[in-house]
Amino acid sequence: MKKVALAVTLFIGALLLYAAKDFSAWGDLQSPASASPVSKHFIADTGVDTEVPNMVTAVLADYRGFDTMFETVVIFIAGIAIIAILRCTGADADSPALERESDVATEPDLIVTNTVRLLIPVIQLFAFYVLAHGHVSPGGGFQGGVIMGASFILVALAWDLPKAMERLSVDRAVMLAGVGILIYAGIGLLSMLLGGEFLDYAELSHVLPVSPEMARYHAMLGVEIGVAFTVTAVMFAIYANLSTRGRLAGGL
Amino acid sequence: MFGEDGLLNELLVERFNYCVYVVLLLIGLYAMIAKNNLIKKLIGMSIFQTAIILFYVSIGVKEGGTIPIYVAEHDPHGHHAEHAAHREEANATEATEENATTAAVSNEEDHGHHAPRSLTDEETFGYANPLPHVLMLTAIVVGVATLGVALALTQRIYRAFGTIEEDDVLAAIRAEDASTVIPDLLSTKPKRVKATQRKAKKA
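Sequence order as written defines residue numbering, which begins from 1 separately in each chain. The naming scheme follows written order: chains are lettered A onward, ligands numbered 1 onward. The model is predicted, so local features are restricted to residues of pLDDT at least 70 and side-chain atom pairs to those at 80 or more, both for listing and for counting; the totals for chains, interfaces and linings are taken over all residues. Hydrogens and waters are ignored; side-chain quantities use all the structure's heavy atoms.

**Overview of the overall build of chain A**
Broken down by element type, chain A carries ten helices and zero strands. Comment: elements are numbered from the N terminus, with helices defined as DSSP H or I runs of at least four residues and strands as E runs of at least two. Listing the helices and strands of chain A from first to last along the sequence gives α-α-α-α-α-α-α-α-α-α. Think of it in three bands: with a 1.4 Å probe and only protein chains considered, a residue is buried below 20% of the maximum accessible area for its type, exposed above 50%, and partly exposed in between. Counting only residues that meet the buried cut, chain A has 47% of its 252 residues in that class. Any two residues having at least one pair of non-hydrogen atoms within 4.5 Å are treated as being in contact. Considering only contacts in chain A between residues 6 or more positions apart, those separated by 24 or more positions represent 65%. Summed over all atoms, the accessible surface of chain A reaches about 12200 Å², with 69% contributed by carbon and sulfur. Surface accessibility follows the Shrake-Rupley procedure with a 1.4 Å probe radius. Residue values consider only the protein chains on display as shielding.

**Looking at the interface of chain A and chain B**
Between chain A and chain B, the residue contacts involve 67 residues of the former and 58 residues of the latter. Between chain A and chain B lies a buried interface of about 5700 Å² when both sides are counted; carbon and sulfur atoms form 73% of it. Buried area is a sum: the accessible area each of two parts loses on coming together, probed at 1.4 Å, counted once for each and added. If you sort the residues of chain A by the area they bury against chain B, Trp26(A), Ile43(A) and Ile85(A) come out on top, with a joint share of 12%. Counted as salt bridges are all cases of a side-chain nitrogen of Lys or Arg within 4 Å of a carboxyl oxygen of Asp or Glu. Along the contact surface separating chain A from chain B lie zero salt bridges. What qualifies as a polar contact is a pair of N or O atoms within 3.5 Å, subject to a donor-acceptor requirement within protein and to the restriction that residues adjacent in sequence count only when both atoms come from side chains. One can count twelve residue pairs in polar contact (both at pLDDT 80 or more) joining chain A with chain B. Residue assignment for the side of chain A that touches chain B shows that the elements contributing at least two residues are α1 (2-20), α2 (32-35), α3 (37-49), α4 (55-63), α5 (65-86), α7 (141-158) and α10 (212-243) of chain A. When residues are grouped by polarity, Ala, Val, Leu, Ile, Met, Phe, Trp, Tyr, Cys and Pro land in nonpolar, Asp, Glu, Lys and Arg in charged, and all others, Gly among them, in polar. Across the side of chain A that touches chain B, the residue classes break down as 40 nonpolar, 15 polar and twelve charged.

**As for the nonpolar core**
The term nonpolar core refers to a set of buried residues drawn from Ala, Val, Leu, Ile, Met, Phe, Trp, Tyr and Cys, joined through side-chain atoms within 4.5 Å. In this structure, Ile75(A), Phe142(A), Leu161(A), Tyr184(A), Tyr201(A) and Phe236(A) are the most contacted members of the largest nonpolar core, which totals 64 residues. Among the elements of the structure, α4, α5, α6 (110-132), α7, α8 (161-167), α9 (170-193) and α10 of chain A together with α7 (130-161) of chain B are those that each provide at least two residues to this core. Excluding residues that lie within four positions of it along the chain, Phe142(A) makes contacts with Leu60(A), Thr68(A), Thr72(A), Ile75(A), Glu224(A), Val227(A), Val231(A), Leu137(B), Thr138(B) and Val141(B).

**What to know about empty space enclosed by the protein**
All names here are of chain A. Detection works on a 1 Å grid of protein atoms alone, calling trapped sets that fit a 1.4 Å probe cavities and calling open sets with protein on both sides within 12 Å along at least five of seven lines pockets, with lining residues defined by an atom within 4 Å of a point. Grid points are joined across faces, edges and corners, and a volume is the space filled by probe spheres set on the points. The full count for this structure, using the stated rule, is one cavity of 30 Å³ or more. Counted as a void, the largest cavity has a volume near 40 Å³. When contributions to the lining of the largest cavity are tallied by element, the ones reaching two or more residues are α5, α9 and α10. Sorting elements by how many residues they give to the lining of the largest cavity places α5 first, with four residues. In the lining of the largest cavity, the residues fall into nine nonpolar, one polar and no charged.

**A few points about the packing of aromatic side chains**
All names here are of chain A. Any pair of Phe, Tyr and Trp rings, taking the six-membered ring for Trp, is counted once the centres come within 6.5 Å. Such a pair is stacked with planes under 30 degrees apart, edge-to-face with planes over 60 apart, and tilted for the rest. Using the criterion set out here, one finds twelve aromatic pairs over all chains in the structure. Arranged with centres 5.2 Å apart and planes meeting at 75°, the rings of Phe-66 and Phe-70 form a pair that is edge-to-face. With Phe-66 and Phe-70 both in helix α5 and four residues apart, the pair spans about one turn of that helix. Among the residues examined, Phe-70 registers a relative accessible area of 41% and is labelled partly exposed.

**So, the confidence of the model for chain A**
Values of pLDDT, which run from 0 to 100, indicate the predictor's confidence residue by residue. Predicted confidence across chain A gives a mean pLDDT of 86, with 92% of residues reaching 70 or more. α6(A) holds the highest mean pLDDT among the elements of chain A, 93, whereas α2(A) holds the lowest, 83.

**Here's the deal with the pattern of salt bridges**
All names here are of chain A. All chains considered together, the criterion is met by four salt bridges over all chains. Across the pair Arg-167 and Glu-166 runs a salt bridge whose closest N-O atoms are separated by 3.8 Å. Assessed through its relative accessible area of 45%, Arg-167 is described here as partly exposed. Take Glu-166: its relative accessible area is 60%, and that puts it in the exposed class.

Listed below in structure tokens is the structure:
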């Protein structure tokens, strides 16, 4: 088996290296990806169409908004799937396969918990900064959401899962993830109700006292907030379920 | 072979980045095929994904280009703030001859830029390609989500079979298949037996 695998891998590797010869060199300005009209349009016209200086955010939340919305839905579905797969019911819950040798009740360490107590506000503030400043610097909803989710995971690591679940229970996390998608789809629907197409944020200038370009800026922020809600909640739900094999009790 | 136009020169010097991705990809692929442990297979899958992410990001690189965020003078809407700043500067300092002229020049430039204009082709070469970045941003997040689902399935397999070695799981499944008798679909008796068995178990 291993020899067959090695042969297959090496054959594919030889093919790929042979193909690599035809790829453009590092940093080539005329490479097909860089010379394509789509990429040129994104770089040249993002500043005209929107007020957002960060092209990555503009492409993510505006030009490819539909894609990103369902990307968020994929994350939501993954979170639900993990909960469904690991859910323990009835006789399953006390099966010996769930018992672990490391299940010993220990006090949370004093030094660790106090350090975490100091760190968590900073981490959460940084998450908000990354989220809100995603338009003018690297950042956005996915990144901010992951940092926010990490702060909850840190609570669960330093104390135990119930301590973290006091703040964000898995049920509430699922609800929060749904709310995130509703915010995203709601902004899309609102722009539809105002006479545009789905996720055509420029129409929001009818209800916001700003220019269409600035309306797209604000709508992108709203959309990113929705994404951040979903990502935060799903990251924590994934951790809570995987670390306890679906029992949602006990420490790490 | 090692000369200016040799294949190795072309591959290892000009396109060394692709060699790195190929190696990473092969490590991941080998782990996915050859390893017996399901967790090790998943580690292989993650390495495979990383290779593809690096490949895409490197496609967006441009020689001499910066990150895809407008620098101040290219930002068509950003000139308002700059304009105000210049004016304040000019008002605050006792404007020497030189200062005054530069302020005037920059004011003129600002007025010239007043209507938002799109960047010329030359200027677009100054920024890395944002599209691969966007695609990989979402790919990373979806990768995390799918990895989570895969780990959950692995835990479920462990709960059912007591092992995550693929061989043992397959052997257990085959043994189970061999021991089960396919019930006669027309008669309803076996079903009833099963139902009563279940009730007995629960009780």
